[in-house]
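Close look at the chain arrangement
Here are the chains, one letter per residue:
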Amino acid sequence: MPPSLDIKKLRVEYPLTNGGTLVAVNDIDLTIRPGEIHALVGESGAGKTTVGNALMGLLQAPGRIASGSISIAGKQINTRTGRTEGIVPGRDVGAIFQDPMTSLNPLFTVESQLCEGMLAHLKIGRRQARARALELLTAVGIPEPERRLKSYPHQLSGGQRQRVVIATALACDPQLIVADEPTTALDVSVQAQILKLIRDLANERRVGVLLVTHNMGVVAQIADRVTIMQNGCVVESGSAHSVLTSPKAPYARTLIAAVPPIESRLERLPVPSEETPATLNAREKVRSKTRQAAETTNDAPVLAVRDLCVEYGQRSFLPGRTSAYKAVKGVSFEVRRGEIFGLVGESGCGKTTVANTIAGLVVPSSGSVHFQGVALAARRKKSLRQSLQMVFQDPYSALNPRMRINAAIAEPILFYQLAANAAEARDDAATLLEAVGLSGQSGERFAHAFSGGQRQRIAIARALGPQPSLLICDEPTSALDVSVQAQLLNLLKDLRDLAGLSMLFISHDLAVIRQMCDRVAVMKGGEIVELAQTETLFSAPQHPYTCELLRLAPSLDRIIKTETTAA
Amino acid sequence: MTTRAFLLHRLPPVSVIIAGLVLATMLVLVVFAPMIAPMDPRDVSSYSLIDMEIPPSFMEGGDPRFLLGTDNQGRDLVSVILFGLRISILIGIGAVLLAAMVGVTLGLIAGYFGGLIDTMLMRVGDVLVSFPTILVALLISGVARAQLSAETVTDWAPVILICAIALNEWVQYARTVRASTMVENARDYVRAAKVIGLPSRRIMLRHILPNVMSSVMVIATINLAGAILTEATLSFLGAGMPATYPSLGTLIRIGNQFLFSGLWWIAVMPAAVLVVLVLAVNVIGDYLRDRFNPKLMAH
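Keep in mind it's a predicted model, so treat the numbers as computed, not measured.

Points about the overall build of chain B
Secondary structure assignment for chain B yields 12 helices and 0 strands. Shown N-terminal to C-terminal, the secondary structure of chain B runs as helices and strands in the order α-α-α-α-α-α-α-α-α-α-α-α. Considering only C-alpha atoms, chain B reaches an extent of 75 × 55 × 30 Å along its principal axes. Nonlocal contacts in chain B, meaning residues at least 24 apart in sequence, comprise 70% of its contacts between residues at least 6 apart.

Structure below.
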């Protein structure tokens, strides 16, 4: 049997307007045997998605295959047209995309999406197609497949939709499946199920799977072989076990080391430090300023949340007819001075709503929030607003695109009159930029000139400007690559230590929570199900939901260990 | 490099470049009209009835002094058209600026605060746009004529026209800005500004406004053509600029009376200028709309 996919010396280029070319993929080799799952790993911009697009003939217009060859199930792809004689994308190559919310057409039923490909590619009638669709839905583990055939995508959950996408990919018995970040948009529990499904299907149907991902945990869980890419080149390739346990290339080693472990707590994540004398100097300045602000207050908890309830209501035009959705149902916790308090839970559990309520962006329906001993109302005193700052999830929208960086950072400093004049505020902004590891001169530029990690640093610098005593971090690293995430987590820890800052740290990633937090609350369905010291929670979880989360979280160490004992 | 970046670096099509040149020429002519024009149509002593109804200089019976001929009062058509164009463009730009200012302000307020304020402002807008612009403008200039002396009306005619046109046009700006404001309002940088504690006015002006302006610029360009045409229509109907201080629309109205007596140039010359002006503005407006439309940019 020929290999499902055989890539030899593939090179993909994008012509640039200045006459040069951008080499997105540089001479890579890759072979996938039937039934094998081959993971293609790398940080954003490494070219891993481009490889997937090239072999499906989906390269965007100016991009082209410059040299090399791709063969799918032994058939050579025409590198000029991107098509292969005898290979039909959708029939012989199935695709699973990242976002199950957008990869199904919302106007068609599950049945018509599933049958569409079969009717076009296999010479079968509608009745046979329907029977096969039913069979596929059963195979991917959708409950009540009869009924689900008639459903529209919006009637399914995210996990069910991804299962339908997988069923569509399998519909015509493909030789190869390209799965581009298939579980990134899903919660851990659903992710675990989907990964198991892909593994089982690859084994049963002898399909080769090219799994494009940035998540090392996912790789450890299901991949047979791994190829690590950096800047379009292959850095290391081999069996998943050997690459993950003993990476040889230096980049592979840093990449794997940067993955926060869930089993143990590290003082700092082992990534190359970006601290320069200027950084340390700037941090010293920040420290001396914030200390003055922090010393005036006493020992009481910085933040005390009592029985907080938040309802999102649809107020009707007619009185008495309201339909409310309870996002948060009676949450209570305290954040002590100098502590990092974690809130963890799956999407929709209400953790972000809690953060927004504390920040004053959402009005609670009942309960109280006391900040530095003062009850917070929706309208707050200037000094209270000043000491409570927030860092948001998406670094790409958290900065005003029309404002220079130093103006953005100086704005709150000037507003709270922490600097005498605009020039002094600009100096403060430069110091803050240096304290978060960027150069002071970079403030002259606009937000789009920076990478995601750099933007998140800028957002942190801006939040530190008003010298807050509590920093709310809402998923601050979930949009970033692992090595950048590791650097940012280190940075946040350093800032906590130097400025005596308290933090409310929100994340869906248990490993990140373990690295960062002193105490953790686990949320589910708008309630806190368990609240404990981090070490206690991870070593001896009490609530079944916590145990479930911990068991399902993909982890490098655990899988490597079990495989070693098995072998 | 993506297709979008490629597109952004490309020159605009030839039609747009020509339209831009035409518009620029017109603006220069209009700004320096008092220096360029052979005579001042507002100065009664500068023309005489002896010269009335002379055809353009390139026709039989033409006079080299009058390139495009004269009108029924003996005024040089080149001069009248230059000054008329000046008034038309002035009123067009004035109406667009006023409408944009009112619309952007109300749109920002409605989109940012939402709730009752939003509902009230938008319903008022809905009621206003349910009347055709021409009808509202006719009504306003009618009321102004009835309430004020003839002299005041003549002096204030451009202002009355600007207000009359802007009264209807602001709704479009308000709707667009409101929608964009709601989008920006949900984005993290606006939420960050709120958490920092900045006052609403500052968030609206410093943070949201610069990010919604590109769509306002596009509507403004497209509406400029509309505003110029509305003014011309009003003047043509006799509710706009007076004959003593004519805009292009007034000139066409005057010429219209002579159209069938062989004196076609009095109406056709200003009409041609109006057509060229509106066409140039529209071509540029369409181009800007396409360029700032993210959906079209992808292709």
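Some thoughts on the overall build of chain A
The helix and strand tally for chain A stands at 20 helices and 21 strands. Relative to its length of 567 residues, chain A is compact, with a C-alpha radius of gyration of 26 Å against a globular reference of 24 Å. Once the C-alpha set of chain A is aligned to its principal axes, its extents read approximately 75 × 60 × 55 Å. Split into buried and exposed, the 567 residues of chain A put 46% on the buried side. The long-range share in chain A, meaning contacts at least 24 apart out of those at least 6 apart in sequence, stands at 69%.

Quick notes on the interface of chain A and chain B
Opposite the 25 residues of chain A that make contact, chain B presents 18 residues. Elements supplying a minimum of two residues to the side of chain A that touches chain B: helix H12 (382–386), strand S17 (388–391) and helix H13 (405–415) of chain A. In terms of residue count, H12 of chain A provides more of the side of chain A that touches chain B than any other element does, 3 residues in total. Broken down by class, the residue content of the side of chain A that touches chain B amounts to 15 nonpolar, 6 polar and 4 charged.

Overview of the sheet that holds S17 of chain A
By definition, the strands of a sheet pair up through backbone hydrogen bonds, in either a parallel or an antiparallel sense. All names here are of chain A. The strand order across the open sheet formed by 6 strands is S17-S18-S19-S14-S20-S21, and the pairing between neighbours is mixed. What marks the edges here is a single partner per strand, and that holds for S17 and strand S21 (527–533). Recorded for the sheet is a direction-independent mean angle of 15° between the axes of neighbouring strands.

Comments concerning helix H6 (residues 188–205) of chain A
Since there are 3.6 residues in each turn of an α-helix, residues three or four apart along the chain are aligned in direction. All names here are of chain A. The end-to-end C-alpha distance of H6 is 26 Å, a good match for the 26 Å that 18 residues give at a rise of 1.5 Å each. For H6, the complete set of buried residues consists of Val188, Val190, Gln191, Ile194, Leu195, Leu197, Ile198, Leu201 and Ala202. Buried residues along H6 sit in contact with strand S3 (37–41), helix H5 (158–170), strand S8 (176–180), strand S9 (208–213), helix H7 (216–222) and helix H19 (544–552). Downstream of H6 by one or two residues, arginine 206 has phi in the positive range, about 55°.

Some points on the sheet that holds strand S11 (residues 233–239) of chain A
Residues and elements named next belong to chain A. With mixed pairing, 6 strands are arranged side by side in an open sheet as S7-S8-S9-S3-S10-S11. Sheet topology places strand S7 (93–96) and S11 at the edges, where each strand pairs with a single neighbour. When the angles between neighbouring strand axes are averaged without regard to direction, this sheet yields 15°. In the sheet, S8 pairs with S9 via 5 bridges, with the strands oriented parallel. Counterpart to leucine 176 in the pairing with S9 is glycine 208. The strands that helix H1 (residues 48–56) touches are S3, S7, S8, S9 and strand S10 (225–230); relative to S8, the one it contacts most, it runs at about 145°.

Focus: unusual backbone geometry
Residue and element names in this part refer to chain A. Of note in this structure, aspartate 27 is not a glycine but carries a positive phi near 50°. Judged by C-beta crowding, with 15 C-beta atoms within 10 Å, aspartate 27 ranks as partly exposed. Non-glycine residue glutamate 181 carries a positive phi angle of around 50°. By the secondary structure assignment, glutamate 181 is in the loop between S8 and H6.

Points about the nonpolar core
Counting 243 residues, the largest nonpolar core has Leu176, Leu210 and Leu504 of chain A as the members making the most contacts within it. Broken down by element, the residue count for this core peaks at 20 residues, all from helix H4 (residues 77–113) of chain B. Setting aside residues up to four positions removed in sequence, leucine 504 of chain A forms contacts with Leu303, Val335, Phe341, Leu343, Ala355, Ile358, Leu470 and Ile472 of chain A.

Quick notes on the environment of isoleucine 87 of chain B
Here isoleucine 87 of chain B shows up in helix H4. With 145 residues separating them in the primary sequence, isoleucine 87 of chain B and alanine 232 of chain B have C-alpha atoms 10 Å apart.

Section: helix H6 (residues 133–147) of chain B
Residues and elements named next belong to chain B. Taking 1.5 Å of rise per residue, 15 residues should cover 21 Å, and H6 covers 21 Å from first to last C-alpha, within 8% of that figure. Of all the residues in H6, the buried ones are Thr133, Ala137 and Ser141. One side of H6 holds all its buried residues, which, seen down the axis, span an arc of 50°. Away from the buried face of H6 by more than 90 degrees, exposed residues Leu135, Gly142, Val143, Ala146 and Gln147 are located. Those residues of H6 hidden inside the fold are in contact with helix H7 (150–185) and helix H9 (200–237).

Concerning the environment of leucine 303 of chain A
All names here are of chain A. Positionally, leucine 303 belongs in strand S12 (residues 303–315). Residue leucine 303 is classed as buried on the basis of its 23 C-beta neighbours within 10 Å. Through-space distance from the C-alpha of leucine 303 to that of valine 520 is 15 Å; in sequence the pair is 217 residues apart. If we ignore the near neighbours within four places in the chain, the residues touching leucine 303 are Glu334, Val335, Ile358, Phe371, Leu470 and Leu504.

Things to note about the environment of proline 34 of chain A
Here proline 34 of chain A lies in the loop between strand S2 (21–32) and S3. C-alpha separation for the pair proline 34 of chain A and asparagine 203 of chain A, spaced 169 residues apart in sequence, amounts to 8.7 Å.

Re the packing of H6 of chain A against H19 of chain A
Residue and element names in this part refer to chain A. Contact geometry of H6 with H19 gives a least axis separation of 9 Å together with a crossing angle of 45°. With respect to H19, the axis of H6 lies oblique. You can see that H6 and H19 cross each other, and the crossing is left-handed. Counted together, Val188, Ser189 and Ala192 of H6 and Glu548, Leu549 and Leu552 of H19 form the full contact between these two elements. Residues that form the contact of H6 with H19 fall into these classes: 4 nonpolar, 1 polar and 1 charged.

As for the confidence of the model for chain B
Of the residues in chain B, 94% reach a pLDDT of 70 or more, and the chain-wide mean stands at 84. Confidence estimates for the predicted assembly give a pTM of 0.78 and an ipTM of 0.74.

Here we look at the pairing of S10 of chain A
Burial of S10 of chain A is extensive: 5 of the 6 residues sit out of reach of the surface. Linking two consecutive strands that pair antiparallel, namely S10 of chain A and S11 of chain A, is a turn of 2 residues; a positive phi of about 50° is found at asparagine 231 of chain A within it.

Regarding the packing of H9 of chain B against helix H11 (residues 265–292) of chain B
Residues and elements named next belong to chain B. Running from amino to carboxyl end, H9 crosses H11 at an angle of 160°, the nearest separation of the two axes being 9 Å. For the element pair H9 / H11, the angle class is roughly antiparallel. Considering how the two elements wind past one another, H9 and H11 form a crossing that is left-handed. Along the contact surface, H9 presents Ser214, Ser215, Met217, Val218, Thr221, Ile222, Leu224, Ala225, Ile228, Leu229 and Ala232, while H11 presents Leu274, Leu277, Val278, Val281, Asn282, Ile284, Gly285, Leu288, Arg289 and Phe292. Residue composition of the contact of H9 with H11, by class: 15 nonpolar, 5 polar and 1 charged.

Examining the pairing of S11 of chain A
The pairing of S10 of chain A with S11 of chain A spans 6 bridges and is classified as antiparallel. Its bridge partner lying in S11 of chain A, methionine 229 of chain A is registered against valine 234 of chain A.

Thresholds applied
- Residues numbered from 1 in each chain as written.
- Chains lettered and ligands numbered in written order.
- Predicted model: local features only at pLDDT ≥ 70, side-chain atom pairs only at ≥ 80, totals over all residues.
- Helix = DSSP H or I, 4+ residues; strand = E, 2+ residues; numbered from the N terminus.
- Contact = placed C-beta atoms within 7 Å.
- Rg over C-alpha atoms; globule rule 2.2 N^0.38 Å.
- Buried ≥ 20, exposed ≤ 12 C-beta atoms within 10 Å, placed from the backbone.
- Nonpolar A, V, L, I, M, F, W, Y, C, P; charged D, E, K, R; others polar.
- Pairing = 2+ DSSP bridges.
- Axes fitted to C-alpha atoms, helices over the stretch in contact; angles between N-to-C directions.
- Expected span 1.5 Å × (residues − 1).
- Core = buried A, V, L, I, M, F, W, Y, C linked by C-beta atoms within 7 Å.
- Arc of directions from axis to C-beta.
- Parallel < 35°, antiparallel > 145°, perpendicular 65-115°, else oblique.
- Left-handed = near helix turned anticlockwise from the far one by under 90°.
- pLDDT = per-residue confidence, 0-100.

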